[in-house]
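Residue strings, one per chain:
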Amino acid sequence: MYKVDLPVDESEQRAVERRRAAEAERKSRIFNSRSRVIGVDLRALHKQQEDKRERLEMEKQLDMAHDLLRLSLDETALQQKKEEDELRRELAQDMVQFRAIHQRAEDSRDADINYDRQEAPDACISVSDSALGPASMQVFLGEGINENEKKRAEMEMNERNLRAQKEEREKQEREKKNRELLTDRELVEKDLRAVQLNALEEECKRVARIELSHYNQDQAEERMERERQERLRREGEDLAELRYTVTSDLLTERPEAAKRITESSAEGPRVLTDRWKGMTPQQISDIHRKRDEQCLEKERLREMERQRDLAWDYHLTEQARQQEREETRDKELQRERRAQLDKYNQQLAREQQAHQHYLDKQLYTNRPRVQYFTQFNTSSR
């Protein structure tokens with residue numbers, strides 16, 4: 001391949017140099033006994049203090065800036081609220097002034113009805129009666145008759161209504177006071193009843209506590225008596241057991257007891273371990289005889305097993321030899337078949353070579369030239 005001069009990336013080398021310089025500075029700081037006091041890095045501690053002081057100063061300045069911003073925002077909000085209140089007050093004054101000038105009640109169409117101006121109906125009409133039609137009439141015939149009597153009757157009705165409302169309100173207040181008095185009386189009766197019930201409950205509790213203490217005392221006395229009877233019973237049983245143990249066949253070591261129990265047992269002779277004192281010479285001789293018989297039987301079985309193993313090994317050896325002879329015979333047959341197949345393949349190869357030579361040298365002797373191939377595809381047909 002061609003050798004190309006590529007620019008060398010010095011960032012990795014600079015990083016390595018920077019790490020080496022930091023490691024060298026760290027070693028000089030750690031192993032310098034003048035700037036190290038019992039394992040404490042004073043320069044690092046001073047630097048940490050400076051960083052903490054700078055951080056606290058920065059946080060303090062940030063808090064002061066936030067406080068100033070908050071104060072400015074509050075002042076802006078108060079100023080906006082003041083301007084909105086002033087604008088709302090001016091709008092209200094303008095609305096009142098507009099209504100006082102352009103929407104007066106005396107200028108309305110029904111002002112003569114509301115403000116008692118029936119005596120001068122022409123004051124609010126700016127045109128003549130001849131120019132007005134039936135739909136433009138302001139005062140009709142019959143209006144304003146007995147107006148003073150009507151007002152007097154209305155005033156009397158209003159007074160009666162007010163008097164009835166006042167009496168109804170006073171009646172409701174009296175009923176409310178009566179209900180409150182009844183409620184207070186019921187509450188007092190309930191409190192008295194609760195006090196009485198509490199006193200009865202305390203008395204019942206006191207009687208129950210006294211009865212419970214008497215019952216507990218009776219139970220304690222009964223339990224103490226029962227424990228005393230139980231202790232006496234256990235002591236009697238312990239003494240009887242001790243007497244039986246002292247006078248039993250276990251401590252007296254009488255073999256006649258074991259023999260008598262063994263002979264009288266319905267299950268046949270058996271060994272009582274708590275009374276057995278050892279075997280008799282007859283039992284020992286029987287054991288030795290049984291052991292010799294078992295040894296002879298085991299030797300006979302071992303000899304039979306050895307004979308059976310020898311016969312089985314001989315059988316396996318014969319089978320292996322027979323299998324080996326069959327494998328040898330199969331290998332010879334395979335070798336003969338392979339030799340015949342090789343001869344047959346060689347004969348086929350010679351015949352194929354002869355046929356190919358016949359095709360190349362005798363049959364296909366007229367080779368096509370370039371002119372034969374250029375005569376095709378010379379037109380669009």
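Residues numbered from 1 in each chain as written. Predicted model: local features only at pLDDT ≥ 70, side-chain atom pairs only at ≥ 80, totals over all residues. Heavy atoms only, no water.

Naming follows an unreviewed UniProt entry, where the protein chain appears as RIB43A-like with coiled-coils protein 1 of Phoxinus phoxinus. Under Subunit (unreviewed entry), UniProt gives the following word-for-word description of the protein chain: "Microtubule inner protein component of sperm flagellar doublet microtubules." Per UniProt, the comment on the protein chain under Subcellular location (unreviewed entry) is "Cytoplasm, Cytoskeleton, Flagellum axoneme". (UniProt positions renumbered as here; feature names shortened; annotations may be inferred.)

**Q** Give me the lowdown on the overall build of the protein chain, citing residues and values where you can.
**A** Along the protein chain, the regular secondary structure elements total eight helices and two strands. From first element to last, N terminus to C terminus, the protein chain shows the α and β order α-β-β-α-α-α-α-α-α-α. Evaluated residue by residue, the protein chain yields a buried proportion of 3% over its 381 residues. Expressed as a percentage of contacts within the protein chain between residues at least 6 apart in sequence, the contacts between residues at least 24 apart total 18%. (Helix = DSSP H or I, 4+ residues; strand = E, 2+ residues; numbered from the N terminus. Buried < 20%, exposed > 50% of the residue type's maximum accessible area, 1.4 Å probe, protein only. Contact = heavy atoms within 4.5 Å.)

**Q** Now, about a nonpolar patch on the surface: what can you tell me, with residues and values included?
**A** A contiguous nonpolar patch, built from Met-279, Ile-284 and Ile-287 and spanning about 250 Å² of accessible area, is present on the exposed surface. Here Met-279 falls in the partly exposed class, since its relative accessible area comes to 41%. (Patch = residues over 30% accessible without salt bridge, like charges linked within 9 Å, V, L, I, M, F, W, Y side chains within 5 Å. Areas by Shrake-Rupley, 256 points an atom, 1.4 Å probe, with all protein chains shown as cover. Salt bridge = Lys/Arg side-chain N within 4 Å of Asp/Glu carboxyl O.)

**Q** Describe in detail the pattern of salt bridges, supporting the description with residues and values.
**A** By the definition in use, this model includes 22 salt bridges. Among the ionic pairs, Arg-228 bridges to Glu-225, the shortest N-O distance being 2.5 Å. Residue Arg-228 and its partner Glu-225 are both found in helix 4 (residues 147-247); the two are separated by three residues, about one turn of the helix. Across the salt bridge formed by Arg-233 and Glu-230, the nearest N and O atoms sit 2.1 Å from each other. With Arg-233 and Glu-230 both in helix 4 and three residues apart, this pair spans about one turn of that helix.

**Q** Run through a negative patch on the surface, naming residues and quoting values.
**A** There is a patch of like negative charges on the surface, built from Glu-324, Glu-326, Glu-327 and Asp-330. The topology assignment puts Glu-327 in helix 7 (residues 281-363). The class for Glu-327 is partly exposed, based on a relative accessible area of 40%. (Lys, Arg positive; Asp, Glu negative; His and termini not counted. Charge placed at Lys NZ, Arg CZ, Asp CG, Glu CD.)

**Q** I'd like a description of the confidence of the model for the protein chain, backed by residues and values.
**A** Looking at the protein chain as a whole, the pLDDT averages 80, with 75% of positions reaching at least 70. Segment residues 117-125 is flagged for pLDDT under 50; beyond a separation of four residues in sequence, or across chains, it makes 10 contacts in the model. (pLDDT = per-residue confidence, 0-100.)

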